[in-house]
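Residue-level listing of the chains:
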Amino acid sequence: MRGYLGIDIGSISTKGVVIDENNNILASEYLWTEGDPMNAVKRLLKVLEKQLQGKDVNIVSVGTTGSARKLIGAMTNASVVKNEITAHAIGTTTLHPDVRTIFEIGGQDSKIIIIDNGFVVDYAMNTLCAAGTGSFLSSQAHRLGVSVEDFGEIALTSKSPTNIAARCTVFAESDLVHKAQIGHKKEDIIAGLCKAVVTNYINNIGKGKRIQSPIVFQGGVSKNVGVKKAFEDAVGAEVLVDPNGHLMGAFGVAVLAKKSGIEKPFSFDVADIEFKTTGFECPKCANHCEIICVFKDDVLIDSWGNKCDNGAVKIGQ
Amino acid sequence: MINNENIACFPQWANYACAFKYICEKGFETKYIIPPPITKKTIELGSKYSPDYVCAPFKYCLGCYIEALEQGANCLMQIYGGCRLNYYGELAEVILKDMGYQFKFFNMADINFKSIKSIVEHFKIINPNFSLVKVAKSIPVMMNIIKTIDKFEDYIRLNVGFEVNEGEFEKTYNEFLQKLNNLKNGKQLKQLKKIYWKKLTNIKVNKPSKIIKVGMIGDYYTVQEPFSNYFMEKELAKFGMEIHRYMNLTNTLIHNKGKERKNVAKKYAKYNLGATANFTVAEAIDFAKNKFDGIIQVKSFGCTPEIDAMPILQNVSKDFNIPILHFSFDSQTSETGVKTRLEAFYDMVEARNKG
């Protein structure tokens, strides 16, 4: 059987999906990137290989997305290296062809994608600031002494969510401390935090966007039922969370790899090969481009970062 | 009379340095230094000595001044405009003097353009013994340099994404710019213009029948200075698109269409938004009416007129069903983030174009 591998390497988590020709998921995994995308992908590949054992699947094409897509694309000899906005849109429209709005909140970024007739017509992504993303929620969960996995369930038990200043993470945090100290209940604060995340989202990247149903909510934070409910209250419509919502980027880029028709040899053995990256500053002008070289078993396979031809590192040097 | 004391310099800004050089050297008979091309070092220097919340164009200019002063410039120049830019000359002057540099400063914001006396007095900063005749004679040539640059760049923007041999436009155009740096007179400009226009229009391009058209809008500096917008036009062209941009010196300094632009924008922006934000709105409307596939607004972080234009642009986007992407740049913007959004932008307009 022919299989297509999609890998989504985010700042916080790394996701992998293997699909067949009919977009059925044959194997999938979600694990922490831990600041080392190459190792995370190696761990990911080991798990996926195990899941596929005995299934006679031959990976013919690989797609990568997420912030480390280029690096991992070079490592896995990918056919498709795609930005996460397109990957998410393709993944979601494949599973939910009628979707109009995609909310996505990940570890350090959040985005909104507006879809009309299956086409992306508008999108936005947070810039400069990670307020209201997964990493904010998990650090606040830590502060409150609850695990982030239980966060949503606790939020649902609240009858009157505490108002928490949502505009900025720093202010939200000091407001939260203040509200806790004057005696607000923990579940109300937690529900308030979920609300704050949503308010922040709607007022920042959602600003001026035509939010229409059906709405699909995905990314790691979509697993938080408290945030899901806060979204539903805010937009006054049902918000769908796909059980595979956290894998949507990887799924989308697997679909893109399949659609591309480009087949390149891939073997799970890359998990055992040594990859190294080195970075250096190009000394040829005052711009000092940071050039990254990727080595596979000490052989240079790719490089990037140069702004002009003077800084180009030729393969085979 | 020739002045041997002053070495003038205007901050790097798109490719106009050769025009400023011409007016200084041939008109004011004062030496001119073309500052080094903008690099990361320029913006690092600029940011280090600027107030943090000032807009990025100020930081670029300050960085350019420092690099030019280090190379011997001693007569710096700044223009004026419809926003905080009017204070920027003065602010830069104070900062640089506090740093210990000694120089003269030709600040156009200080000139009262209704008074010949005021104009002459300020011109004397560049050269105390300047000849009005020579200045008057060199102005049309300077204008012509600017118009030529803008004409060539308009053509390149429309075609570079489709060149058959990669890099040909850039190479030819850079050759032309090099020659402009040492321009002798208007006659030579005419010759060069003829030769290089022919060269540029002879470069082989392979355009498909259905072309994706993208319009660039944004604040005066950021939309024109490629370094400050992360070479966005170049990146977009790589995908194989036509890039259109109205904003340049020809359309503002030489043929100022401010009134006409305000009229176009009127339905969406009744009042003056300040700086070039009414142009931004008017251009968006023009692009939308001409059935462009998408519009990109680039602005410096904290540029208030352009921020005010954003909700208005969203109305344009809604009414004409055209995607408008917004970018805010500061000295610290991540390049990866910019590329991700641009890629997604291309995927979006391409899919719409096909569908």
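### Thoughts on the interface of chain B and chain A
In many reports, interface size means the accessible area that the parts give up when they come together. Each partner contributes to the interface: chain B provides 22 residues, whereas chain A provides 27 residues. Counting across the interface, chain B meets chain A through three salt bridges. A:R69 serves as the salt-bridge partner of B:E343, at 3.3 Å between the closest nitrogen and oxygen. Along the contact surface separating chain B from chain A lie nine residue pairs in polar contact (both at pLDDT 80 or more).

### Examining the sheet that holds strand 9 (residues 215-218) of chain A
Residues and elements named next belong to chain A. Read across the sheet, five strands follow the order 8-7-6-9-10 without closing on themselves; strand pairing throughout is mixed. Looking at strand neighbours, the two that pair on one side only are strand 8 (119-125) and strand 10 (239-240), the edges of this open sheet. Two elements, strand 6 (residues 101-105) and strand 7 (residues 110-116), share five bridges in a ladder whose sense is antiparallel. Bridging from a neighbouring strand, T101 pairs with I114 of strand 7. Sitting on the sheet, helix 7 (residues 186-203) is in contact with strand 6 and strand 7, with an inclination near 125 degrees to strand 6.

### Some thoughts on the pairing of strand 12 (residues 290-296) of chain A
All names here are of chain A. Here strand 11 (residues 275-281) pairs with strand 12 via seven bridges, running antiparallel. Directly across from F275, in strand 12, lies its bridge partner K296. In terms of strand pairing, strand 12 meets strand 13 (residues 299-304) through five bridges, oriented antiparallel. What sits directly across from F295, in strand 13, is L300. Count of turn residues in the strand 12/strand 13 antiparallel hairpin: two residues, of which D297 carries a positive phi of about 45 degrees.

Thresholds, definitions, all that
Residues numbered from 1 in each chain as written. Chains lettered and ligands numbered in written order. Predicted model: local features only at pLDDT ≥ 70, side-chain atom pairs only at ≥ 80, totals over all residues. Heavy atoms only, no water. Contact = heavy atoms within 4.5 Å. Salt bridge = Lys/Arg side-chain N within 4 Å of Asp/Glu carboxyl O. Polar contact = N/O pair within 3.5 Å; in protein donor to acceptor, adjacent residues only side chain to side chain. Pairing = 2+ DSSP bridges. Helix = DSSP H or I, 4+ residues; strand = E, 2+ residues; numbered from the N terminus. Axes fitted to C-alpha atoms, helices over the stretch in contact; angles between N-to-C directions.

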